[in-house]
Amino acid sequence: MEPMVIYFILRKISDWSLTHFYSEVHVLGRENVPADGPLLICANHHNEIIDIATLAATIPHRRQVGFWAKSSMFKNPIARFILLSSGSIPVKRSPNGVKDASSTVAPANESLFASTSRSLARPRSRGGLLNYVTGVFPDRVVGVFPEGTSYTEPQIMQVKEGAAWAALEYAKWQAENGAQDSQAEKLALVPVGIVYTDKSQYLSDISVVYGKPIRLEQVTADYIAASSANDKEKAHLAISALTATVKQKLLKLSVNAPDWETLYSADLARDIIWTGSHNTAELARISQAFVDIFSESYGPNVDSDSLSRTRATLLRYAGLLHYSGLRHCGLASLSRTTTKSQALVSASYHTLTAVSHPQFPLFFPVFVLHAPGYLLGLLAARVFGNPKLPETLAQFKVIFGGVGFGISYSICGHALTRWTMRLGSIASIPVAGIPAVDEVLRALARVGYLVQGGDGMWGRLRGGFSMAVILWLMTNALAKWHQILVKSNYTR
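Residues numbered from 1 in each chain as written. Predicted model: local features only at pLDDT ≥ 70, side-chain atom pairs only at ≥ 80, totals over all residues. Heavy atoms only, no water.

### Section: the overall build of the protein chain
Going by this rule: Going along the chain from the N terminus, every DSSP run of H or I of four or more residues is numbered as a helix, and every run of E of two or more is numbered as a strand. A simple rule labels every residue: compare its accessible area, found with a 1.4 Å probe on the protein chains alone, to the largest value its type can have, and call it buried under 20%, exposed over 50%, or partly exposed in between. We call two residues contacting when some pair of their heavy atoms lies within 4.5 Å.
A tally of regular secondary structure across the protein chain gives 18 helices and 7 strands. Relative to its 492 residues, the protein chain shows a buried fraction of 42%. Across the protein chain, every contact between residues at least 6 apart in sequence was considered, and the portion connecting residues at least 24 apart equals 71%.

Set out below in structure tokens:
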């Protein structure tokens, strides 16, 4: 199987995962990503493989991204085949750990940087027939998470030197190969900020911002000059300077708070004030604005006592919501009640309103059909996920939720094909007396005849192909039905 087809499959799974698990994925800064040429994207990393899926699904021009991956992930033969076939580059040990400015590049790092440079310099070939069919072609994009690993903290804790080092090593490689004067071959280093309203919550939102490319001319010249003079100290200073720039850009594109108390207060204040329909594109900016307000160093003109009281109140409210399993948006949508009878009337009113809504007859069947996915995802997150590591929860919900959806689709597909085959085999088609219904029954009977196939190789091929087309159409129809009706009626 060609590598690009593997990547196409994984990217399609990424598209489905983001589309069905998250309510909105808003992308900004598309104009900052070039359509061609060597590209190194550096993103913050707070949601395990979901971050990888997000970049693969949202990168402008649908360019293929080969990610750095831990070498331990390549030990399993199946995982190794998938990773290498999708363009992943093994990191045998952290290339970020430069402990001594005078140290030489370790052999493992040399291999990593050489592999990265080859990926970035690879000529853009249009590939074979399968590449044209899938729309995925060999490209020159490498994705790096400079933080080194996924974690849950209120701010970016570290930006290691691997990404900056790789970018400068590529520039050095270009210079050694006589490509430094080619404008088309200059590397674009693009920072990316990924912000979630609640990364493990079903139908929460994502904001992805591709920042402006970082200017590399001066730092590249300094690094190449230092490397040529074998001045390891100055070379490391260039790496450190570029790493600091990458960190500064990532901090501006993401949400960063000095502590958890500030972040919790800011998030809850945002949810209370920023109600109704809103543009997810503003998520990072609005969230950071609230963080700045609740930070102790906000400014001398702020009433610190009032700010402290407000923050303490928000923290108590956040704690009550957490331990009661409620969300502010759910409480805010309820009518104000003061007695048990009023609460019962309010609950009954909202239930009747939801059930009597014109979309409910269309919503309920597809909701029940996808229920195994919801339940399996929640169960997997509870069994395999670690509540202390929220970055592990979303991936289990998405993966096992997809498995649950697949089970439901398989059952429906099996029932549909058996029914159409039975309809196609009977001598006379039932007549309902309604022209439209009768026409549908006749069409299904013809489909059933095709699915039955026939004797010989061509008959079996015809039956298999017809069945595959039916299952593909049914799956897409159910997925669209779920996407449109369930996502629009979930809150109701």
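What follows picks up the thread again.
### A word on the confidence of the model for the protein chain
Rules: On a range of 0 to 100, pLDDT expresses the predictor's confidence in each residue.
The share of residues in the protein chain with pLDDT of 70 or more is 85%, and the mean pLDDT across the chain is 83. The low-confidence segment residues 95-104, where pLDDT is below 50, has 20 contacts with residues more than four positions distant or belonging to other chains. Of the regions scoring below 50 in pLDDT, residues 129-137 engages in 21 contacts with residues more than four places distant in sequence or in other chains.

### Some remarks on the packing of helix H9 (residues 260-273) against helix H11 (residues 304-324)
Note the following rule: Here an angle of 0 to 180 degrees is reported between the N-to-C directions of two axes, which are lines fitted to C-alpha atoms, with helices fitted over the stretch in contact. In what follows, roughly perpendicular refers to angles from 65 to 115 degrees, roughly parallel to angles under 35, roughly antiparallel to angles over 145, and oblique to any angle outside these ranges. Classification convention: Asp, Glu, Lys, Arg as charged; Ala, Val, Leu, Ile, Met, Phe, Trp, Tyr, Cys, Pro as nonpolar; all other residues, Gly among them, as polar.
Between H9 and H11, whose axes approach to 9 Å, the crossing angle comes to 80°. Put simply, H9 runs roughly perpendicular to H11. Contacts between H9 and H11 involve Glu261, Thr262, Tyr264, Ser265, Leu268, Ala269 and Ile272 on the former and, on the latter, Arg311, Leu314, Leu315, Tyr317, Ala318 and Leu321. Along the lines of polarity and charge, the residues of the contact of H9 with H11 split into 9 nonpolar, 2 polar and 2 charged.

### Describing the environment of Thr197
Basically, it comes down to this: Under this definition, polar contacts are N or O atom pairs within 3.5 Å; protein pairs additionally need one hydrogen-donor-capable and one acceptor-capable atom, and for neighbouring residues in sequence, both atoms have to be side-chain atoms.
Within the secondary structure, Thr197 is located in the loop between strand S6 (188-196) and strand S7 (205-210). Classification of Thr197 as partly exposed rests on a relative accessible area of 26%. For the pair formed by Thr197 and Leu283, sequence separation is 86 residues and the distance between their alpha carbons is 7.7 Å. Beyond its immediate sequence surroundings of up to four residues, Thr197 is in contact with Ser204, Asp205, Arg270 and Leu283. At 2.9 Å, the side chain of Thr197 and the backbone nitrogen of Asp205 are in polar contact.

### Side note on the packing of aromatic side chains
Counted only if it meets this: Any Phe, Tyr or Trp ring, taking Trp's six-membered ring, that has another such ring centre within 6.5 Å forms a pair; planes under 30 degrees apart are called stacked, those over 60 apart edge-to-face, and the others tilted.
All chains considered together, the criterion is met by 16 aromatic pairs. Judged by centre distance (6.1 Å) and plane angle (5°), the ring pair of Phe67 and Phe145 falls under stacked. With a gap of 78 residues between them, Phe67 in strand S3 (residues 66-70) and Phe145 in the loop between strand S5 (141-144) and helix H6 (162-176) connect regions that are remote in the sequence. In this structure Phe67 comes out as buried when scored by relative accessible area, which is 8%. Measuring from ring centre to ring centre gives 6.0 Å for Tyr170 and Trp173, while their planes differ by 15°; the resulting arrangement is stacked. Within this pair, Tyr170 and its partner Trp173 are both found in helix H6, separated by 3 residues, close to a single helical turn. For Tyr170, a relative accessible area of 1% corresponds to the buried category. Take Trp173: its relative accessible area is 32%, and that puts it in the partly exposed class.

### Re the sheet that holds strand S4 (residues 89-91)
The line we're drawing: Pairing between two strands is assigned when DSSP locates at least 2 bridges connecting them.
Across the sheet, 7 strands lie side by side as S1-S7-S6-S2-S5-S3-S4; this open sheet has mixed pairing. Of all strands in the sheet, those with a lone pairing partner are strand S1 (24-28) and S4, marking the two edges. The average angle at which neighbouring strand axes cross in this sheet is 25°, direction not considered. Across 5 bridges, S1 lies against S7 in parallel orientation. Within S7, the position partnered with Leu28 by the bridge is Val209. Contacts between helix H2 (residues 48-58) and the sheet are confined to S1, strand S2 (39-43), S3, S6 and S7, with S6 contributing the most and set at about 120° to the helix.

### Comments concerning H11
Let me state the cut-off plainly: Helix span, as expected, comes to 1.5 Å for every residue beyond the first. The arc in question is the one traced by the directions running from the helix axis out to the C-beta atoms.
Here H11 contains 21 residues, and its C-alpha end-to-end distance of 30 Å stays within 8% of the 30 Å for a straight helix at 1.5 Å per residue. Restricting attention to buried positions, one finds in H11 the residues Leu307, Arg311, Leu314 and Leu321. Looking straight down H11, one finds that the buried residues subtend no more than 85° of arc, so they occupy a single side. Exposed residues lying more than 90 degrees from the buried face of H11 are Arg309, Arg316, Leu320 and Tyr323. Buried residues in H11 make contact with H9, helix H10 (283-294) and helix H12 (328-332). Looking one or two places after H11, you find Gly325, whose phi comes out positive at around 70°.

### Points about unusual backbone geometry
Of note, the phi angle at Glu48 is positive, near 45°, even though the residue is not glycine. Within the secondary structure, Glu48 is located in helix H2. According to the relative accessible area criterion, Glu48 is partly exposed, its value standing at 25%.

### Re the side chain of His482
Residue position: His482 is located in helix H18 (residues 456-489). Judged by its relative accessible area of 0%, His482 falls in the buried class. When neighbours within four sequence positions are excluded, His482 is seen to be in contact with His20, Tyr202, Val366, His370, Tyr374, Phe405 and Lys487.

### Notes on the nonpolar core
Nonpolar side chains in soluble globular proteins generally cluster together in the buried interior. Keep this limit in mind: Put simply, buried Ala, Val, Leu, Ile, Met, Phe, Trp, Tyr and Cys residues joined by side-chain atoms within 4.5 Å make one nonpolar core.
Judged by nonpolar contacts, the single largest core of 41 residues is most densely connected at Tyr22, Leu39, Ile41, Leu55, Ile59, Val192 and Tyr210. Listed by contribution, the elements that provide at least two residues to this core are helix H1 (3-21), S2, H2, S6, S7, helix H14 (360-369), helix H16 (393-425) and H18. For Ile41, the contacting residues outside a window of four places in its chain are Leu55, Ile59, Val65, Val142, Gly143, Val144, Val190 and Val192. Within the second largest apolar cluster, 33 residues are counted, among which are Val91, Leu112, Ala164 and Leu250.

### Let's talk about the pattern of salt bridges
Cut-off, in case you're wondering: Salt bridges are defined as contacts in which a side-chain nitrogen from Lys or Arg sits within 4 Å of a carboxyl oxygen from Asp or Glu.
This model, assessed by the stated rule, comprises 7 salt bridges. The closest approach of N and O atoms between Asp36 and Arg140, which form a salt bridge, is 3.7 Å. Taken together, the residues span a long stretch of sequence, with Asp36 in the loop between S1 and S2 and Arg140 in the loop between helix H5 (129-134) and S5 at a distance of 104 residues. The class of Asp36 is partly exposed, set by a relative accessible area of 40%. In this structure, the salt-bridge partner of Asp271 is Arg270, at a minimum N-O distance of 3.2 Å. Its relative accessible area of 35% is what places Asp271 among the partly exposed residues.

### Section: the environment of Gly373
Note that Gly373 resides in helix H15 (residues 371-384). Counting along the chain gives 26 residues from Gly373 to Ile399, while the straight-line C-alpha distance between them is 9.5 Å. Setting aside its immediate chain neighbours within four residues, Gly373 contacts Phe400, Gly401, Gly404 and Phe405.

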